[in-house]
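Working through the structure, step by step
Okay, here's what each chain looks like letter by letter:
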Amino acid sequence: MLRWLQDFLSPPEVWQSDYDYVAYQILFDDLDHNKDGVLDVLELAEGLKNWSSSFGVDPEKKILQAADSNADSGLDFEEFVRYLQDHERKMKLAFKSLDKNDDGVIDASEVVAALRTLGLHISLSQARDILKSMDSDGSMTIDWDEWRDYFFLHPAKNIKEIIRFWKHSTIIDIGESISVPDEFTEQEKESGDWWKHLVAAGVSSGVTRTCTAPLERLKVMMQVHGSKVTKMRLVNEFKQLLKEGGTFSLWRGNGVNVFKIAPESVLKVGSYEQYKKLLSFDDANLGILQRFIAGSMAGATSQTCIYPLEVIKTRLMVGKTGEYSGIIDCGRKLLKTEGVRAFCKGYIPNLISIVPYAGLDLTVFELLKNYWLEHYAENSVKPDLTVVLGCSTLSHTCGQLACFPLNLVRNRMQAAKMEKETIRMMQLIQQIYTKEGKRGFFRGFTPSIIKVLPAVGIGCVTHEQVKWLFGLI
């Protein structure tokens, strides 16, 4: 937008790399819709919509907070100019930090190298996608003018925040199984931002699981008791749950489901970092296969450590009203009546299900997201919320479809009371196939699928809002 002002207001030999007050005045007047000499947050928001690609959540508020020196909730012309000049200086430093060979342009290899120093590894094609959003002359390199024009009203303060803007992978946890953990840059580890990301993910997971808990309990009840009833209709089963325990019974077992988020996340991320080190030789970059293997091993590690909580969750969900007074009471009764082995029931099918779920979830999500970036992201390298929502919904559905039979076997083994002879996994699979047929392995699949879309939507929105509160976007 400002490039034409450079040519209009001054001849090329006079104009340097910075804009003058006349250019700032024209931009200010263009943003100041009511012509009162002050830019408020609504005018900034409207101006940013017409400026460039998405800059995250509420960028106008970040600009106003940084530029409003007298705290009057508005920017006069002097504050506006002071902010833009200071911001341009910061963007100049960021540009020079990427331009390693000092030739005045940034190419794809320099983007790859810069991100690698921060612990984030991307391919040359991904780097070209980043450059494409800023490249106005088709040269596939970015000079200072293109860089400045693109980030002129971007609220980023340094190269770290710019790189976080470029980092557009998002995995939403809907409480079904194990997803490959997100990776933290070296700066995020050193600054302590990594724990904020963990808390944000934990809060969004807790909110998501709580909002979809009735569907989760309905799914488990249909999986466990499906063998006793030939036809279990969704509405009738839902009414039966309400009749048996009332409205609050729909959230039975949700407490332990939320409680296990924190230890599960910490164990998963910690072990993921260790497995990545074991799988990388001579500091070689990790590819998608190594990431998947490390993520699956991390998921197996965290699941092994918190698995007793999984058993308690299932027992609480399928238990009758008054059978258990809480998590501790359930654990104590299981230990007393069935012994320590009760906390390991269903462990093998649960462990096996990690690989197909995590593999399909990650692969389908990455394929869909990259397809969108390649074919439809004309002016942006960051998918918006609706794209993430669609990709996550389809990837989670594929993951659930692949591991659902094992999930059903696990829940039935977990819910089985102590009998004379413990039913083994293969024996249970044979019984289900003989008595219920192939459809028996997918009992409860309907509420599980119904849950995906609201779970992903709630998870995405909550995650973005919590990250914004922590200043991560």
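Look a little higher up for the structure.
A short tour of the structure in this document, coming up. (Residues numbered from 1 in each chain as written. Predicted model: local features only at pLDDT ≥ 70, side-chain atom pairs only at ≥ 80, totals over all residues. Heavy atoms only, no water.)

Its place among the elements puts E43 in helix 3 (residues 41–49). The buried charged residue E43 lacks any salt bridge partner; its closest oppositely charged side chain belongs to K35, at an N-O distance of 8.0 Å. Only 3.2 Å separates the side chain of E43 from the backbone nitrogen of H33, close enough to count as a polar contact. There is a polar contact of 3.3 Å between the side chain of E43 and the backbone nitrogen of N34. Those residues in contact with E43 that sit more than four places away from it in its chain are L31, D32, H33, N34 and V38. (Helix = DSSP H or I, 4+ residues; strand = E, 2+ residues; numbered from the N terminus. Buried < 20%, exposed > 50% of the residue type's maximum accessible area, 1.4 Å probe, protein only. Lys, Arg positive; Asp, Glu negative; His and termini not counted. Salt bridge = Lys/Arg side-chain N within 4 Å of Asp/Glu carboxyl O. Polar contact = N/O pair within 3.5 Å; in protein donor to acceptor, adjacent residues only side chain to side chain. Contact = heavy atoms within 4.5 Å.)

On to the packing of helix 12 (residues 213–225) against helix 21 (residues 445–469). Where helix 12 meets helix 21, the closest approach of the two axes is 8 Å, and the angle between their N-to-C directions is 160°. Relative to helix 21, the element helix 12 lies roughly antiparallel. Helix-helix and strand crossings are classified by hand; for helix 12 and helix 21 the assignment is left-handed. Only P447, S448, I450 and K451 of helix 21 make contact with helix 12, whose side of the interface consists of L215, E216, L218, K219 and M222. (Axes fitted to C-alpha atoms, helices over the stretch in contact; angles between N-to-C directions. Parallel < 35°, antiparallel > 145°, perpendicular 65-115°, else oblique. Left-handed = near helix turned anticlockwise from the far one by under 90°.)

Attention now moves to a nonpolar patch on the surface. Judged by side-chain polarity, W194, W195, V199, V203 and V207 come together as a nonpolar surface patch covering roughly 400 Å² of accessible area. Considering the arrangement of structural elements, one finds W195 in helix 11 (residues 193–211). Residue W195 is classed as partly exposed on the basis of its relative accessible area of 42%. (Patch = residues over 30% accessible without salt bridge, like charges linked within 9 Å, V, L, I, M, F, W, Y side chains within 5 Å. Areas by Shrake-Rupley, 256 points an atom, 1.4 Å probe, with all protein chains shown as cover.)

Right, let's get into unusual backbone geometry. Backbone geometry at K35 places phi at a positive 55°, although glycine is not the residue there. When you line up the elements, K35 lands in the loop between helix 2 (21–31) and helix 3. Notably, M140 is not glycine yet its phi reads approximately 60°, a positive angle. The topology assignment puts M140 in the loop between helix 7 (124–132) and strand 2 (142–143).

These values are about where atoms sit, not about what they do.
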